[in-house]
Number of protein chains: 2
Amino acid sequence: MLTFWFEFASTYSYIAAERLRASGEVPPRTAWRTFLLGPIFQAMGWDTSPFNIFPAKGAYMWRDVERLAAREGLSFHRPTQFPRNGLLAARVASAHAAAGWLPAFVCGVYRAEFADDADIADPAVVRSVLLDVGAEADAVLAAAESERAKAALRASTEEAGARGIFGAPSFTVGDELFWGQDRIDDALAWRSRPQS
Amino acid sequence: MLTFWFEFASTYSYIAAERLRASGEVPPRTAWRTFLLGPIFQAMGWDTSPFNIFPAKGAYMWRDVERLAAREGLSFHRPTQFPRNGLLAARVASAHAAAGWLPAFVCGVYRAEFADDADIADPAVVRSVLLDVGAEADAVLAAAESERAKAALRASTEEAGARGIFGAPSFTVGDELFWGQDRIDDALAWRSRPQS
């Protein structure tokens, strides 16, 4: 089983989500798990994205994602604020990891964020995406504020850290970890290895 | 023209050098330029490799390089010291970027470092690799200590920084930058794009 670990503020996670969805690597075949990078970055001594802290890394990332999006045929515009606060979207995704609309929701949030420069922290933006994908938007948003949804996201974030995840997107196959959208094929190949 | 930017202390540069050499991407078709990550990391506030500073990144890298080396059929053993001081090897490579033996020398130094756990800061180790590849070892080592060789490596390191390079290996095609051995194919594809 391949697990796709993504964070809603992550540009490269947008590319990865679209690639996985286009190739049919969606639940239940492939698990889609969201988590928060904030606590993981804090443990590394970073109070924001490393793309903001290290200018050369940031300049590279913006150009690289632009190139990758063009290659994949995806719309991409550098947002006016980075990183966005993806907490609400993450609570929704975490609480509905098995919903049929989950991949469309995830990609819809990313497109709002990285193609349309919308603020995904705004419940109206998340609600609009939920409606687009045919979810019961009001019930889903109410459930996202429940203690259960909050606890589920915290648990995912803790599991990501325990698995050694330090960035997004990441991919796990059993205990094997692959970091970066450019490693999707390696992760898929690992899943296909003969069992020892 | 593709330029391969590498640093002798970098594990992923080892994988990249071997892959490029195996596929014939060597001078004069592809430029091989070494540089020093130390000054670039210092500008980012790091006094050693980020793989030492950030434990999760380090744990991932050691496992990832092990997997990649196995896939490429390369010998790899985690060295007893990391990073090694590659200054002498870099001065040699920088001063002989067009030598026919350059790719074999680069790969030989990496194998000494990452397969045989040798200290590549030791002139005897570099000398042994030079002899293996048919270079005039003593003359090359003497030239590596010249002001000209030192200035050439400083200039390469400054150019790497000016080009926005922040890690190794990196690849440039004109002003386009690609970071990581996993992006070799993207860089080659960029080189093959129709000229606009």
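Check the entry above for the structure.
Conventions used here
- Residues numbered from 1 in each chain as written.
- Chains lettered and ligands numbered in written order.
- Predicted model: local features only at pLDDT ≥ 70, side-chain atom pairs only at ≥ 80, totals over all residues.
- Heavy atoms only, no water.
- Helix = DSSP H or I, 4+ residues; strand = E, 2+ residues; numbered from the N terminus.
- Rg over C-alpha atoms; globule rule 2.2 N^0.38 Å.
- Buried < 20%, exposed > 50% of the residue type's maximum accessible area, 1.4 Å probe, protein only.
- Areas by Shrake-Rupley, 256 points an atom, 1.4 Å probe, with all protein chains shown as cover.
- Lys, Arg positive; Asp, Glu negative; His and termini not counted.
- Charge placed at Lys NZ, Arg CZ, Asp CG, Glu CD.
- Contact = heavy atoms within 4.5 Å.
- Buried area = accessible area lost by both parts, 1.4 Å probe.
- Salt bridge = Lys/Arg side-chain N within 4 Å of Asp/Glu carboxyl O.
- Right-handed = clockwise from strand over helix to strand, strands pointing away.
- Phe/Tyr/Trp six-rings, centres within 6.5 Å; stacked < 30°, edge-to-face > 60°.
- Polar contact = N/O pair within 3.5 Å; in protein donor to acceptor, adjacent residues only side chain to side chain.
- Core = buried A, V, L, I, M, F, W, Y, C linked by side-chain atoms within 4.5 Å.
- Expected span 1.5 Å × (residues − 1).
- Pairing = 2+ DSSP bridges.
- Axes fitted to C-alpha atoms, helices over the stretch in contact; angles between N-to-C directions.
- Least-squares fit on C-alpha atoms with pLDDT ≥ 70 in both.

## Let's talk about the overall build of chain A
Within chain A one finds 10 helices and 4 strands. Mapped in sequence order, the helices and strands of chain A form the string β-α-β-α-α-α-α-α-α-α-α-β-β-α. Taken against the 2.2 N^0.38 rule, which gives 16 Å for 196 residues, the C-alpha radius of gyration of chain A at 16 Å falls within 12% of a compact globule. Each principal axis of the C-alpha atoms in chain A carries an extent, and together these give about 45 × 40 × 35 Å. Within chain A, buried positions represent 54% of all 196 residues. As displayed, chain A offers around 8500 Å² of accessible surface, 51% of which is attributable to carbon and sulfur atoms. Separation of charge centres in chain A, based on 20 positive and 24 negative side chains, amounts to 4 Å.

## A look at the interface of chain B and chain A
Counting from both sides, the interface comprises 21 residues of chain B and, opposite them, 21 residues of chain A. Between chain B and chain A the total buried area reaches about 2100 Å² when both faces are included, carbon and sulfur atoms providing 55% of it. The three residues of chain B that bury the most area against chain A are B:Tyr60, B:Arg67 and B:Arg183, which together make up 27% of that side's buried surface. At the junction of chain B with chain A, the criterion picks out 10 salt bridges. Across the salt bridge formed by B:Asp64 and A:Arg183, the nearest N and O atoms sit 2.8 Å from each other.

## Re the pairing of strand S2 (residues 30–34) of chain A
Residues A:Thr30, A:Trp32 and A:Thr34 line the buried face of S2(A), whereas the alternating positions A:Ala31 and A:Arg33 sit on a face that is not buried. As for the winding sense of the linkage, the β-α-β connection from strand S1 (residues 2–6) of chain A through helix H1 (residues 11–22) of chain A to S2(A) is right-handed.

## Overview of the packing of aromatic side chains
Residue and element names in this part refer to chain A. For the structure shown, the criterion picks out 46 aromatic pairs over all chains. Between Trp62 and Phe76, the ring centres sit 6.2 Å apart and the planes meet at 25°, which makes this aromatic pair stacked. Of this pair, Trp62 sits in helix H4 (residues 55–72) while Phe76 sits in the loop between H4 and helix H5 (87–95); the two residues are 14 residues apart in sequence, bridging distant segments of the chain. Residue classification places Trp62 among the buried residues on the basis of a relative accessible area of 9%.

## Notes on the side chain of B:Arg191
Residue and element names in this part refer to chain B. Here Arg191 is to be found in helix H10 (residues 184–191). For Arg191, a relative accessible area of 19% gives the class buried. Looking at Arg191, its side chain comes within polar contact range of the side chain of Thr30, at 3.4 Å. Not counting residues within four places of it along the chain, the set of residues in contact with Arg191 comprises Met1, Leu2, Glu25, Arg29, Thr30 and Val173.

## Overview of the nonpolar core
The biggest cluster of nonpolar side chains holds 134 residues, and the ones touching the most others in it are A:Phe8, A:Phe105, A:Leu130, B:Phe8, B:Val92, B:Phe105 and B:Leu130. If we skip the residues at most four places from it in the chain, B:Leu130 touches B:Val92, B:Trp101, B:Phe105, B:Ala135, B:Ala137, B:Val140 and B:Leu141.

## Quick notes on H4(A)
An ideal rise of 1.5 Å per residue puts 26 Å on 18 residues; H4(A) measures up with 26 Å between its terminal C-alpha atoms. Buried residues of H4(A): A:Lys57, A:Gly58, A:Tyr60, A:Met61, A:Trp62, A:Asp64, A:Val65, A:Arg67, A:Leu68 and A:Ala69, and no others. Residues of H4(A) that are buried sit in contact with H1 and helix H3 (50–53) of chain A together with strand S4 (176–179) and H10 of chain B. At the C-terminal side of H4(A), A:Gly73 shows a positive phi close to 75°.

## Some thoughts on the sheet that holds S1(A)
Residue and element names in this part refer to chain A. Taken in spatial order, the 4 strands of this open sheet run S2-S1-S3-S4, and their pairing is mixed. Every other strand in the sheet has two partners, leaving S2 and strand S4 (176–179) as the edge strands with one partner each. Here the average twist between neighbouring strands, direction ignored, is 20°. Strand direction decides the pairing type here: S1 and strand S3 (residues 170–173), joined by 4 bridges, are antiparallel. Paired with Phe4 across the two strands is Phe171, which belongs to S3.

## Looking at the relation of the copies chain B and chain A
The transformation that overlays chain B on chain A combines an axial shift of 0.0 Å with a rotation of 180°, and the residual RMSD is 0.0 Å. Seen this way, the second copy is the image of the first under a two-fold rotation axis. For chain B, the smallest separation between a C-alpha atom and the rotation axis is recorded for B:Asp182, amounting to 3.3 Å. When you check the interface residues of chain B against chain A, 100% turn up at the interface there too, and the contact is symmetric in its surfaces.

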